[in-house]
Amino acid sequence: MKSLNLSRLAFALYLLIFFTYLMGPLLVMSLTAFNSPSFPSASPWECFTFEWFSVLWHDNHIREGIYYSVIIGIGTVVLSVSMGLAASIVLTQIWPRFRSAFYTMIIAPILIPGVVIGISTLVFWDRVGRLLGAGEGSALNGFFHNGLFLTILGQSSFIASYAMLVFVARLQRFDPGLTEAALDLGATHTQAFRKILLPFMRPAIASASVLAFLASFENYNTTTFTIVDYKTLTTVLAQKVRLGIDPSISALAFSIITLTVLAALAVEAFRRHSANRLAARLRGGAAGRLLSGFFRGNVPAVLLVLLSMAVIVTAGVAQRYDPTQCKVAVQAAKKAEIQRRIKALQESRKARESAAPATPAPKAPNANSGAFGNVFAPNNLPGAPGASQTAPAQESPSQKPGNGAFGNVFAPGNLSGASDAPDAAPDSPPARPDNGSGFGNVFDPNNLSGVSGGN
Amino acid sequence: MGSGVAVNLENVWIKFGDFVAVRDANVSINGGDFFSFLGPSGCGKTTILRAVSGFLSPSQGRVLIGGKDMAGIGPNRRPTALIFQNLALFPLMKVWENITFSMEVKGASAAERRKRADELLDMIALGGQGDKLPSELSGGQKQRVAIARALCASPDVLLLDEPLSALDLKLRQHMRTELRAIQQRVGITFIYITHDQGEALTMSDNVAVMKAGVIDQIGTGRDVYDLPSTAFVASFVGENNMFRGKILRIDGDSAQVDVAGIGPLVGRISPAASAQLDAGDEAMIFIRPEALAPGEGEAGRTLNATVVNEEFEGNAFTVYLDAGGNAEIRMSLANTGQHRIAERGSRMALHFPAGKAVVVPVGELASE
Ligand SMILES: Nc1ncnc2c1ncn2[C@@H]1O[C@H](COP(=O)(O)OP(=O)(O)OP(=O)(O)O)[C@@H](O)[C@H]1O
Ligand SMILES: [Mg+2]
């Protein structure tokens, strides 16, 4: 009994870890879409905001990328579904004898790296263009170097194979006797295809289309070569990552996740609905005609409606919601914190200056080196030789000590973060006079300990 | 009959690669006939039917429907309708759409089709069930829908490929009479395929018996049963007792065969068989169990055997006898109220009427 509970617990734990692994990144990503810092982060939580959605909405690169991704996706769906359907019919119905050879040939593009497909598409259509006599600058040449054209072809060359696999699986359950029956009853081959095979393939066509669209939408390897001067969502995102990202990418991810969930719920709701209706029909009732019938015994439909309403309400709220106040508060808090640190540092410096007045060297540089000495090794406060060694390098511009001080503020554990200094520079002028005039608090023990603690 | 459209096969060969599925078939089917192809599984019945309906073309020879050579005419332009071995109802269409598919492809309006479907549904006693899907029907109902669908195309020739084989015995017997009745009502030519000889004999005007791609005999059910022309036909159609021996002499349509351990027996011989046989040749003589009766008969129509066993079968007894060395003999006697024909192990004489034994050349027997 006990061991059973234990193994159950272990199993639950395993599931938890597994789903955390699966969903965790998505969850964190979604959170960062609503946090105000301009680098995607979930903690520290600053302000709840919708601004990244608006940034996303107004980001023309992403909008264009999505636009072209959708166009390419549609083109790829049309091309690869028809190619895949034709190939699967040839494979299963027309030439069953050459099946294995044909199969290998068609499946090959899946095994070839996308990069290779991208490059070879580019090269191949360039050659074809040349063969057809498309000169530099001619309309035909432009066509063969058109990014949309090339990307649709390049992606379809392997997405068609995915589609074919879907179709073959379905076709294997098709009774070719049905086509024969149709022919026998006077149908032409076209009619037999349209009225018998195509309706049978409809579910497979739907799933192959979704598959093809998603595969096209998320493709990068091939697209990056074939897209030429256009852009797709993936290429835009790749570019953004190179140049630095903001949470509008998280907002995009969140939108995509939401849409996916909605679509999945919708599909499931309609599937459940038709199953319910069939069951009702078998029972002999005429139920399912009313709208209320749609929701009866249909959990996904209810969820779908609830979620859609939630999305609409959220969008409405987002129009009015204004996090400015929170942001101002956070900004103020940050400023206060910075001020506090600066002050602490300055005080610690003063403390050292007055603690070592006997040093023969000029006052200011010495004070500087003292500050640094303190920063690097606060426990080694009177270590004069070491301090004077670092002094020459740091002393020449008189602001340098300020640098050191700020470095300490921004990265208390790590002085080498000197690059943070320019950011903080505007804050330094008010600090400077303070530095020069007030020796007042030098002996305040609290200040001194504050700096060494910060170290 | 004679009102329907005739179907003729002239020297038809059908090959799949090196394999000969049909060898030199010559069949002439009268218009309006119920014609059956009877043969064991794999003998090429479906193949012949597919050649008639146009799904494959003969490697040699001609298929004529209504006197017209069908070479180069596809299945959708032949005046035939095929009822498939597995029915092949369209699973995604409702029953009424299934039935009127042939009208749909010709562009008939939905109202027109619906009306015709209702007529046909009434004919097959499925009125009001037109809106079901085929998967919602029973086996026998599907069967009838398939028949209605084929009839809706108004074919001149209806081809049926073992349509009853999937049904249980009761339903099969019921459908037999129903099919025959439909055929007589619509008056078109039916070509029916079966490996069930009872089915072939009860329904058909004429039967062709096939064995491994060869048509052994064509004739009425009675011809095939009473005067089989080969050992295969004799053993495949109905029960039979077979004896092997040497031909002593052939005299017109009768032949005398000397059977080892039994003595000379006289049987009928068909002209075809007598053309192949001469005195001194090995031959087979077949006698039906129900032709045998206890008691002495004329010379050449009597044999002696030992009783081995007796089985009661309700309407008849089957008596198993041993004629020494040879295979066992079966005798079927009508149940007339008497019991115990003979003691087990006792020796008795059997006789059979003139013309009830048949002499054929030695050949392969049906292995069933
Ligand atoms: N397409 C084909 N390719 C090769 N051989 C075939 C083909 N179709 C049928 N055959 C062979 O031809 C022979 C006859 O087949 P057919 O289907 O006509 O048999 P059948 O008499 O209808 O049998 P059953 O009663 O089992 O339906 C079989 O040996 C079969 O293996
Ligand atoms: Mg068959």
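Rules used in this analysis
Residues numbered from 1 in each chain as written. Chains lettered and ligands numbered in written order. Predicted model: local features only at pLDDT ≥ 70, side-chain atom pairs only at ≥ 80, totals over all residues. Heavy atoms only, no water. Near = heavy atom within 4 Å. Polar contact = N/O pair within 3.5 Å; in protein donor to acceptor, adjacent residues only side chain to side chain. Areas by Shrake-Rupley, 256 points an atom, 1.4 Å probe, with all protein chains shown as cover. Helix = DSSP H or I, 4+ residues; strand = E, 2+ residues; numbered from the N terminus. Contact = heavy atoms within 4.5 Å. Axes fitted to C-alpha atoms, helices over the stretch in contact; angles between N-to-C directions. Parallel < 35°, antiparallel > 145°, perpendicular 65-115°, else oblique. Left-handed = near helix turned anticlockwise from the far one by under 90°. Patch = residues over 30% accessible without salt bridge, like charges linked within 9 Å, V, L, I, M, F, W, Y side chains within 5 Å. Salt bridge = Lys/Arg side-chain N within 4 Å of Asp/Glu carboxyl O. Buried < 20%, exposed > 50% of the residue type's maximum accessible area, 1.4 Å probe, protein only. pLDDT = per-residue confidence, 0-100. Phe/Tyr/Trp six-rings, centres within 6.5 Å; stacked < 30°, edge-to-face > 60°. Lys NZ or Arg CZ within 6 Å of the ring centre and 35° of its normal. Buried area = accessible area lost by both parts, 1.4 Å probe. Disulfide = S-S within 2.5 Å.

S.K.: Describe in detail the site of ligand 1, supporting the description with residues and values.
M.R.: All names here are of chain B. Around ligand 1 sit Phe16, Phe19, Ala21, Ser41, Gly42, Cys43, Gly44, Lys45, Thr46, Thr47, Gln85 and Glu162, and those are all the residues in its vicinity. At 2.6 Å, a side-chain N or O of Thr47 approaches an oxygen atom of ligand 1. Gln85 is positioned such that a nitrogen or oxygen atom in its side chain is 3.1 Å from an oxygen atom of ligand 1. Contact with the protein chains covers 60% of the free accessible surface of ligand 1, which is 640 Å².

S.K.: Explain the side chain of A:Thr226 to me, and be specific about the residues and the numbers.
M.R.: Within the secondary structure, A:Thr226 is located in helix 10 (residues 223-226). Contact partners of A:Thr226, with chain neighbours within four places excluded, come to A:Gly118, A:Thr121, A:Leu122, A:Gly147, A:Leu150 and A:Thr151.

S.K.: Describe in detail the environment of B:Leu159, supporting the description with residues and values.
M.R.: Residues and elements named next belong to chain B. With respect to the secondary-structure elements, Leu159 resides in strand 7 (residues 157-161). Placed 30 residues apart in sequence, Leu159 and Thr189 show a C-alpha to C-alpha distance of 8.4 Å. Not counting residues up to four positions away in its chain, the partners in contact with Leu159 are Leu49, Val52, Ser53, Thr80, Ala81, Leu82, Ile83 and Ile191.

S.K.: Hey, could you go over the packing of helix 8 (residues 176-184) of chain A against helix 9 (residues 189-217) of chain A for me, with residue numbers and the actual values?
M.R.: Residues and elements named next belong to chain A. Where helix 8 meets helix 9, the axes come as close as 9 Å, and the angle between the chain directions of the two elements is 130°. Here helix 8 lies oblique to helix 9, going by the angle between them. The interaxial crossing formed by helix 8 with helix 9 has right-handed handedness. Counting all contacts with helix 8, which are made through Leu178, Thr179, Ala182 and Leu183, the residues of helix 9 involved are His189, Ala192 and Ile196.

S.K.: Hey, could you go over a nonpolar patch on the surface for me, with residue numbers and the actual values?
M.R.: Residues and elements named next belong to chain A. Residues Phe11, Tyr14, Leu15, Phe18, Phe19, Tyr21, Leu22, Met23 and Leu26 make up a contiguous nonpolar surface patch of about 910 Å² in total accessible area. One can find Leu26 in helix 1 (residues 2-32). According to the relative accessible area criterion, Leu26 is partly exposed, its value standing at 42%.

S.K.: How would you summarise the confidence of the model for chain B if you had to cite specific residues and measurements?
M.R.: Low pLDDT marks stretches whose predicted atomic positions should not be read closely. Residues and elements named next belong to chain B. Residue-level pLDDT values for chain B average 88, and 97% of them are 70 or greater. Helix 10 (residues 271-276) is the least confidently modelled element of chain B, averaging 84 in pLDDT, while helix 2 (residues 95-99) averages 95, the highest of any element. Reported confidences for the modelled complex are a pTM of 0.70 and an ipTM of 0.81.

S.K.: Lay out the packing of aromatic side chains with the relevant residues and their values.
M.R.: Inspection of every chain in the model, using the stated rule, returns 25 aromatic pairs over all chains. Plain terms: the ring middles of A:Trp45 and A:Phe48 are 6.5 Å apart, the flat faces sit at 35° to each other, and that makes the pair tilted. On the accessibility criterion, A:Trp45 (40% relative accessible area) is partly exposed. A relative accessible area of 34% means that A:Phe48 is categorised as partly exposed. Centre to centre, the rings of A:Tyr67 and A:Tyr68 are 5.1 Å apart; their planes meet at 65°, and the pair counts as edge-to-face. Counting every residue linked through ring pairs, the aromatic cluster contains A:Phe34, A:Trp45, A:Phe48, A:Phe50, A:Phe53, A:Phe254 and A:Tyr321. Cation over ring: A:Arg63 sits above A:Trp57, and NZ or CZ is 5.0 Å from the ring centre. Here the guanidinium or amino end of B:Arg288 rests over the ring plane of B:Tyr225, the centre of that ring lying 3.7 Å away.

S.K.: Outline the pattern of salt bridges, listing residues and values.
M.R.: Enumeration over the complete set of coordinates arrives at 29 salt bridges over all chains. Residue A:Lys231 pairs with A:Glu64 through a salt bridge whose shortest N-O separation is 3.8 Å. Taken together, the residues span a long stretch of sequence, with A:Lys231 in the loop between helix 10 and helix 11 (233-243) and A:Glu64 in helix 3 (residues 60-94) at a distance of 167 residues. We classify A:Glu64 as partly exposed; its relative accessible area is 35%. For A:Glu268, the salt bridge identified is with A:Arg272, shortest N-O distance 3.1 Å. Here A:Glu268 pairs with A:Arg272, and both are found in helix 12 (residues 248-283), just four residues apart, close to one helical turn. In this structure A:Glu268 comes out as partly exposed when scored by relative accessible area, which is 23%. A:Arg272 gets classed as partly exposed once you look at its relative accessible area, which sits at 28%. When salt bridges that share partners are traced, they join B:Arg172, B:Arg176, B:Asp196 and B:Glu199 into one network.

S.K.: Give a description of the interface of chain B and chain A that names residues and reports values.
M.R.: Listed as interface residues are 27 residues of chain B and, on the opposing side, 21 residues of chain A. Between chain B and chain A, a total of about 1900 Å² is buried, with carbon and sulfur atoms accounting for 61% of that surface. Broken down residue by residue, the surface that chain B buries against chain A is led by B:Asn76, B:Phe101 and B:Val105, which jointly contribute 27%. At the boundary of chain B with chain A, the tally comes to two salt bridges. In this structure, the salt-bridge partner of B:Glu104 is A:Lys195, at a minimum N-O distance of 2.8 Å. Counting every contact that joins chain B to chain A gives seven residue pairs in polar contact (both at pLDDT 80 or more). Taken together, the elements giving at least two residues each to the side of chain B that touches chain A come down to helix 1 (45-53), strand 6 (80-83), helix 3 (101-104) and helix 5 (139-152) of chain B.

S.K.: Describe the state of the cysteines, with residues and values.
M.R.: Residue and element names in this part refer to chain A. Applying the stated criterion to the full structure yields one disulfide over all chains. Across the disulfide, Cys47 is cross-linked to Cys326 (sulfur-sulfur distance 1.9 Å). Across the disulfide from Cys47 to Cys326, rotation about the S-S bond amounts to roughly -95°, and the bridge is consequently left-handed. Linking Cys47 in the loop between helix 1 and helix 2 (51-57) with Cys326 in helix 15 (residues 324-355), this pair joins segments that are 279 residues apart in sequence. A relative accessible area of 1% means that Cys47 is categorised as buried. A residue is classified by how much of its surface remains accessible, and Cys326, at 29% relative accessible area, is partly exposed.

S.K.: Account for unusual backbone geometry, naming residues and giving values.
M.R.: Residue and element names in this part refer to chain B. In the Ramachandran plot, Leu87 falls in the positive-phi region, its phi being about 75° despite a non-glycine side chain. Here Leu87 lies in the loop between strand 6 and helix 2. Unusually for a residue other than glycine, Ala125 sits at a positive phi of about 60°. As for its placement among the helices and strands, Ala125 is situated in the loop between helix 4 (110-123) and helix 5. The class of Ala125 is exposed, set by a relative accessible area of 56%.

S.K.: Could you give me a rundown of the environment of A:Thr235, with the residues and numbers involved?
M.R.: All names here are of chain A. Structurally, the position occupied by Thr235 is in helix 11. Sequence separation of Thr235 and His61 is 174 residues, and the distance between their C-alpha atoms is 9.9 Å. Contact partners of Thr235, with chain neighbours within four places excluded, come to Tyr220, Thr223, Thr224 and Ile227.

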